[in-house]
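Summary of the model geometry
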Amino acid sequence: MIANYGYKDGSGDFFISIDTDKCIACEDKPCLEACPIKILEKFADDYDDEVVGVKEEHRKKIKYSCAECKPASGERNLACQKVCQPGAIEHSW
Ligand code: SF4
Ligand code: SF4
């Protein structure tokens, strides 16, 4: 399942999408530690499989929460994507 976390406003769409089917088979879940401000969390889905999502408190401000990895100018360094070997994480902005 593709789970989308984020929001849209006048300045654009700000969503992180996670392919949770890929998380089930990902044993170490390195994205959890790689995120510098620990936006991501582990939880059990409806089938009791362990998957990853965005913490509730960051969903409505994800653009700002991820600003450290995505500066307005300069190089982007998306730690969560870098460590995700299965390529489960997409960012809309
Ligand atoms: S590293 Fe990728 S596949 Fe593994 S738990 Fe994190 S988002 Fe899911
Ligand atoms: S872009 Fe950076 S701050 Fe945002 S979820 Fe990924 S690692 Fe965490």
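Given the structure is predicted, the values throughout are model-derived calculations rather than measurements.

Regarding the site of ligand 2
As a structural note, the neighbourhood of ligand 2 is formed by Ala34, Cys35, Pro36, Ile37, Ile39, Leu40, Cys66, Glu68, Cys69, Leu78, Ala79 and Cys80. Among the residues making up the shell around ligand 2, the classes are represented as 11 nonpolar, no polar and one charged.

Thoughts on the pairing of strand β2 (residues 12–19)
Sheet analysis places strand β1 (residues 2–9) next to β2, joined by eight bridges and oriented antiparallel. The residue bridging Tyr5 from the neighbouring strand is Ile16, located in β2. In sequence, β1 turns back onto β2 through a hairpin of two residues. Bridge count for β2 against strand β5 (residues 89–91) is three bridges, and the pairing is antiparallel. The partner of Ile18 across the bridge, within β5, is Ile89.

Remarks on the site of ligand 1
Taken together, 13 residues sit near ligand 1, with Cys23, Cys26, Cys31, Cys84 and Ala88 positioned nearest. A per-class count over the shell around ligand 1 returns 11 nonpolar, no polar and two charged.

Some words on the sheet that holds β5
Within the open sheet, the three strands sit side by side as β1-β2-β5. Their pairing is antiparallel. The open sheet terminates on both sides in strands that have one partner only, identified here as β1 and β5. Neighbour to neighbour, the strand axes of the sheet diverge by 5° on average, direction disregarded.

Definitions and cut-offs
Residues numbered from 1 in each chain as written. Chains lettered and ligands numbered in written order. Predicted model: local features only at pLDDT ≥ 70, side-chain atom pairs only at ≥ 80, totals over all residues. Near = placed C-beta within 6 Å. Nonpolar A, V, L, I, M, F, W, Y, C, P; charged D, E, K, R; others polar. Pairing = 2+ DSSP bridges. Helix = DSSP H or I, 4+ residues; strand = E, 2+ residues; numbered from the N terminus. Axes fitted to C-alpha atoms, helices over the stretch in contact; angles between N-to-C directions.

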